[in-house]
Amino acid sequence: MTVPDHDSIAALIPAFDRHFFDGRERMTRIGTGSIGGKAKGMALMRDRIHAHFAESPIPGLAIDIPSLAVLGTDVFDQFIAENNLLDIAHSTRRDDEIAKAFQQAELPAQVVGDLRALIAQVHTPLAVRSSSHLEDAMYQPFASVYTTKMIPNNQFDTDTRFRRLVEAIKYVYASTFFGNAKNYMLATEYTTSDEHMAVVIQEIVGQRHEDRFYPHIAGVARSYNYYPTGNARPEDGVVDLALGLGRTIVDEGLAWTYSPRFPRAKPPYNSPADLLKNSQTRFWAVNMGAPPPYDPIRDTEYLKRSSIGDAERDGVLGMLCSTYNAGDDRIEPGMRGSGPRVLDFAPILDYEEIPLNQALITLLRLCEDTLSVPVEIEFAVTLPSRGITNAQLGFLQVRPMVVSSEAVEVTAIELNGADVIAATENALGNGELDTLTDIVYVDPAHFSALRTRVIAGEIEVLNRALLSAGRPYVLIGFGRWGSSDPSLGIPVNFGQISGAKVIIESTLPEMLVTLSQGSHFFHNITSFRIMYFSVAEGGGRNIDWSWLNKQTVVQATEHARWVRTEKPLVVRVDGRRGWGVIHR
């Protein structure tokens, strides 16, 4: 079907009537400008979701888009202009300095009344989310470039709740001009001057448990799977599930991953011990307890991390976990016994205690039919409890995926050729490149897992130099690129490596990690059509470090080297097989 443009979709969202939850409309608009990509996706799917599940309901599961109000981009433009923020916004000042300047500014007077009316009647936790003009637009990969701030909204007085909401909106506005966004823009055809920010104010899906508020399940589902395993095919899709807020998946890349066509199939771990080692043990929640130290320019100001033991005491693990039986060295669905809990969602996926997988298959199909391309969706689920008979699924986002259809065939003979620099049977992407002559690699002789934050800074310097010179490059490092845990890889954000066209991760004995298809980092890689190689050292397909060390050095840091080859490399990725090879 033809996707309507931004303006026609925005026109379908009624103006805010100061009745956020009690009014007839659960999706309203403040301002007259664009509503941005994130809000556009939800507005586009709202009627289709309502119509389909009204006609064909799924027993035991209610599906809806959580109530939201959108601040249009005209509010952002007026805020910037009235407070003379353009100079500092486009400067090279630090993120915290930009954020403080935005906090000291005033929102346009004509929206203050609507925002105060909203907060006066709403006492549930709220997510204040970026919905930029460029972010999540069709084929524009702006995932996680800007920020989301969650607020508990549980203070007794309206004035305090109103101040927290305004602070969160200003923080999202400021993130438009943070270093990550500016670095990211360098890899696109846009500049920060092209950006205009809408903001989504949306109820958070979840339930309160003592001083924590969180969904029982957060998830990301894709209709196309770049790394199918077992009998699954790419078009069968993939789902990532986690306990708590979705930050665990989209920012940290930690989740239980399965194919919607084969929900009972387990990930390819070698043993129960490996599965235990790689399963989720902590989760994010909104802090509903004592106020934290005041810090309006930190996105996690009102968030807290808790252990899976806390979730068990909250009584929420019954449908979400299995238990390790040490005597039999087995993982058994449910909570029988006192062994370690494993968040594998077996009661839901194996025994269908709620029809979550059926709902996700239907939602993916609806979104694909609407956008006419493969899609990624984000959602959150609360389970039946406290007199609520149905589970509740909140649909939070849809964005298009970029899937190349170019026919490339990489053979086993090619993987083992004498001129191979790197080869893998675990590659992301599809296509061929024959123009790259620059390589940035982390020197294995100087790598230390204790220095990954320093290495990230060094890579950022080299990336900026290559971007300025207009030279795309191959990037090679150890562990998971973009990891939020420095012990598992190099914790770059995408803006710090945005000039790379081929990215290679090489494992080490102490860094045996897997990619996450649910992360925003992963979405940006696929959207920019970057080829991504995972090369297991000692697995029969090693990187030719000796050849790399003989290339001409353009610039070197303590831990990394930028080298240039005499002739262009040839990079080939077979997307159907997931095989990739780089020839010199």
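Predicted, not measured: the structure shown is a model, and the values here were computed from it.

Engineer: Please set out the overall build of the chain residue by residue, giving values where relevant.
Structural biologist: For the chain, the helix and strand inventory stands at 17 helices and 29 strands. Across the 584 residues that make up the chain, the buried fraction comes to 59%. If you take every contact in the chain between residues at least 6 apart in sequence, the share linking residues at least 24 apart comes to 74%. Carbon and sulfur atoms form 50% of the exposed surface of the chain, whose accessible area is close to 23,200 Å².

Engineer: Requested: an account of the pattern of salt bridges, with residues and values cited.
Structural biologist: Enumeration according to the criterion identifies 30 salt bridges in this entry. Across the pair Asp-314 and Arg-212 runs a salt bridge whose closest N-O atoms are separated by 2.9 Å. Here Asp-314 is found in the loop between helix H11 (308-313) and strand S14 (322-325), whereas its partner Arg-212 is found in strand S8 (residues 212-214), with 102 residues between them in sequence. Per residue, the accessibility class of Asp-314 equals that of Arg-212, and both read buried. Between Asp-236 and Arg-261 there is a salt bridge, with its nearest N and O atoms 3.7 Å apart. Note that Asp-236 is positioned in the loop between strand S9 (217-222) and strand S10 (238-242) and Arg-261 in the loop between strand S11 (256-258) and helix H10 (272-278), a separation of 25 residues in sequence. Judged by its relative accessible area of 13%, Asp-236 is buried. By relative accessible area, Arg-261 is classed as partly exposed at 47%. When salt bridges that share partners are traced, they join Arg-93, Arg-94, Asp-96 and Glu-97 into one network.

Engineer: A description of the sheet that holds strand S15 (residues 330-333) should follow, citing residues and the corresponding values.
Structural biologist: With antiparallel pairing, three strands are arranged side by side in an open sheet as S15-S14-S16. Because the sheet does not close on itself, it has two edges, and the strands there are S15 and strand S16 (341-342). Across four bridges, the pairing between S14 and S15 is antiparallel. Among the inter-strand pairings, Tyr-324 is bridged to a residue of S15, identified as Ile-331.

Engineer: Explain the packing of aromatic side chains to me, and be specific about the residues and the numbers.
Structural biologist: Counted under the stated rule, the structure contains ten aromatic pairs. Relative to Tyr-173, the ring of Phe-79 has its centre 5.3 Å away and its plane inclined at 40°; by these criteria the two rings are tilted. Of this pair, Phe-79 sits in helix H3 (residues 73-82) while Tyr-173 sits in helix H7 (residues 158-175), and the two are 94 residues apart along the sequence. Phe-79 sits in the buried class, given a relative accessible area of 0%. Judged by relative accessible area, Tyr-173 falls into the buried class, the value being 0%. With centroids separated by 6.0 Å and ring planes inclined at 50°, the aromatic side chains of Tyr-441 and Trp-545 adopt a geometry described as tilted. Here Tyr-441, found in strand S22 (residues 438-442), pairs with Trp-545, found in helix H17 (residues 545-549); they are 104 residues apart in sequence, far enough to count as distant.

Engineer: Residues and numbers for the sheet that holds S10, please.
Structural biologist: Pairing is mixed across the open sheet formed by six strands, whose spatial order is S2-S18-S17-S9-S10-S11. The open sheet has two edge strands with one neighbour each: strand S2 (61-64) and S11. Recorded for the sheet is a direction-independent mean angle of 20° between the axes of neighbouring strands. Here strand S17 (residues 375-382) pairs with strand S18 (residues 391-400) via eight bridges, running antiparallel. Looking across to S18, one finds that Val-381 is bridged to Leu-393. Sheet strands in contact with helix H2 (residues 36-55) are S2 and S18, and its direction is about 130° off that of S18. On top of the sheet, helix H13 (residues 356-371) reaches S2, S9, S10, S11, S17 and S18; it is set at about 145° to S17, its chief contact.

Engineer: How would you explain the packing of H2 against H13 if you had to name every residue and give the values?
Structural biologist: Orientation of H2 relative to H13, taken along the N-to-C sense of each, is 130°, at an axis distance of 11 Å. Between H2 and H13, the interaxial angle falls into the category oblique. In the packing of H2 onto H13, the handedness of the crossing is right-handed. Within the contact between the two elements, H2 uses Leu-44, Met-45, Arg-48, Ile-49, His-52 and Phe-53 and H13 uses Thr-362, Leu-363, Arg-365, Leu-366, Cys-367, Asp-369, Thr-370 and Leu-371. Its residues assigned to classes, the contact of H2 with H13 shows eight nonpolar, three polar and three charged.

Engineer: Outline the environment of Asp-194, supporting the account with residue identities and numerical values.
Structural biologist: Counting through the fold element by element, Asp-194 comes out in the loop between helix H8 (179-185) and strand S6 (197-203). Spatially, the C-alpha atom of Asp-194 lies 8.3 Å from that of Leu-134, the residues being 60 residues apart in sequence.

Engineer: Go over unusual backbone geometry, please, and point to the residues and values.
Structural biologist: Phi at Asn-84 is positive, roughly 50°, even though this residue is not glycine. Tracing the backbone through its elements, the reader meets Asn-84 in the loop between H3 and helix H4 (86-89). Its identity as a non-glycine residue notwithstanding, Glu-210 has a phi of 55°, on the positive side. Judged by relative accessible area, which is 65%, Glu-210 ranks as exposed.

Engineer: Give a description of the nonpolar core that names residues and reports values.
Structural biologist: Phe-102, Leu-115, Ile-169, Tyr-173 and Ile-504 are the most contacted members of the largest nonpolar core, which totals 98 residues. Of the residues forming this core, the biggest block, nine residues, is contributed by H7. If we ignore the near neighbours within four places in the chain, the residues touching Ile-169 are Leu-71, Leu-107, Leu-115, Val-128, Val-199 and Ile-201. Among the nonpolar cores identified, the runner-up in size contains 59 residues, and Ala-221, Ala-285, Val-316 and Leu-320 belong to it.

Calculation criteria
Residues numbered from 1 in each chain as written. Predicted model: local features only at pLDDT ≥ 70, side-chain atom pairs only at ≥ 80, totals over all residues. Heavy atoms only, no water. Helix = DSSP H or I, 4+ residues; strand = E, 2+ residues; numbered from the N terminus. Buried < 20%, exposed > 50% of the residue type's maximum accessible area, 1.4 Å probe, protein only. Contact = heavy atoms within 4.5 Å. Areas by Shrake-Rupley, 256 points an atom, 1.4 Å probe, with all protein chains shown as cover. Salt bridge = Lys/Arg side-chain N within 4 Å of Asp/Glu carboxyl O. Pairing = 2+ DSSP bridges. Phe/Tyr/Trp six-rings, centres within 6.5 Å; stacked < 30°, edge-to-face > 60°. Axes fitted to C-alpha atoms, helices over the stretch in contact; angles between N-to-C directions. Parallel < 35°, antiparallel > 145°, perpendicular 65-115°, else oblique. Left-handed = near helix turned anticlockwise from the far one by under 90°. Nonpolar A, V, L, I, M, F, W, Y, C, P; charged D, E, K, R; others polar. Core = buried A, V, L, I, M, F, W, Y, C linked by side-chain atoms within 4.5 Å.

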